[in-house]
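# Results of the structural survey
Residue-level listing of the chains:
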Amino acid sequence: MSENLIDGKKTAQDIRNEVKAEVEKMVAEHNQHPKLSVILVGGRRDSSTYVGMKERACKECGIESEVIRMPDTVSQAEVMDKVRELNADPNVDGILVQLPLPSHMVEREVLELIDWFKDVDGLHPLNVGNLALRDHTPMFKPCTAEGCIELLRRYNVKMSGADAVVVGRSNIVGMPISLLLQQENATVTMCHSRTKDLPGQCRKADIIVAAIGKANFIKGDWVKDGAVIIDVGINGVDDPTSAKGYRLVGDVDFEECKGKAKLITPVPGGVGPMTVALLMKNTASSRLYKLSAPQTNGTK
């Protein structure tokens, strides 16, 4: 691997190994395994693939997992009843509703019902709100955003005092990563579709986080020499030379930018594996929290 590539696969494996050791200690001392419950609605191939990845990661880390499969004709009320059931189950440490949900459901209403003490995705308003407030600590941080920060930490990227540009303002990545970078004392500029002179903003950045969902969007002449680039995007583009007829690329034009960057994440193999690794870490942490503070009950 090139010396300036950030190896998300290796870093994620390191984290999974750490979680496995933590779970083994938990089992030895308390005879308890963490448990993750995933609700999968419908038969989307991509969603099933993502859920399968999470199942395999759980098995590797010693975390119990269950996948509750529901047809796409199920009502929102039935899905919410299942969430309430999992909220009340003391054996369940983490609840994840695989997105997207069918169009007849309001995702926000389903996600907000999850007990924030079991919100291992870190997307409940109470967790996000505590992330946004100074001197507050969320129970969990959003996995993809925290995965980006973890890559920067483990590659010894100095965030304090750095100028950081986040391209994209989604609730899942852009907004939380901007908050996390601020917690690391970076000066953060959040850019989006209405930003004036986006290339100019990027050229000022010591750290660029791309999470806009547009293939090869950020070009080489947008990047100053020595910048660190974290590419969260996963986009399929036509490629007749591939057996699948397409290949995956990020939001950053990798070929143009890799020569200018001090460090850069590839796609695939960069941020993607970190999301699942942080999900495992959060699930194990949920059970550890219960063991250290069993009197606490956040169940709705």
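Preceding this paragraph is the structure being described.
First, a word on what this report is: a plain description of the structure on this page. (Residues numbered from 1 in each chain as written. Predicted model: local features only at pLDDT ≥ 70, side-chain atom pairs only at ≥ 80, totals over all residues. Heavy atoms only, no water.)

## Digging into helix 10 (residues 272–292)
Every α-helical turn comprises 3.6 residues, leaving residues that sit three or four positions apart pointing alike. Helix length check: helix 10, at 21 residues, gives a terminal C-alpha distance of 31 Å against a target of 30 Å (1.5 Å per residue), a fit within 8%. Those residues of helix 10 lying buried are P273, M274, V276, A277, L278, L279, M280, N282, T283, A284, S286 and R287. Those residues of helix 10 hidden inside the fold are in contact with helix 1 (8–30), strand 1 (35–41), helix 2 (45–61), strand 3 (94–97) and helix 6 (143–154). (Helix = DSSP H or I, 4+ residues; strand = E, 2+ residues; numbered from the N terminus. Expected span 1.5 Å × (residues − 1). Buried < 20%, exposed > 50% of the residue type's maximum accessible area, 1.4 Å probe, protein only. Contact = heavy atoms within 4.5 Å.)

## With respect to the pattern of salt bridges
For side chains bearing opposite charge, pairing can occur when the charged atoms are close. Applying the stated criterion across every chain, the model contains 19 salt bridges. Notably, a salt bridge pairs K10 with D14, separated by 3.1 Å at the nearest N-O pair. Of this pair, K10 and D14 both sit in helix 1, four residues apart, which is roughly one turn of the helix. The partner of K82 in a salt bridge is E85, with the nearest N and O atoms 3.3 Å apart. (Salt bridge = Lys/Arg side-chain N within 4 Å of Asp/Glu carboxyl O.)

## Some details on the pairing of strand 8 (residues 235–238)
The two faces of a sheet get side chains in turn, since along a regular strand they alternate between them. Residues N235 and V237 line the buried face of strand 8, whereas the alternating positions G236 and D238 sit on a face that is not buried. Note: strand 8 against strand 9 (residues 246–249), four bridges, orientation antiparallel. Paired with G236 across the bridge in strand 9 is L248. (Pairing = 2+ DSSP bridges.)

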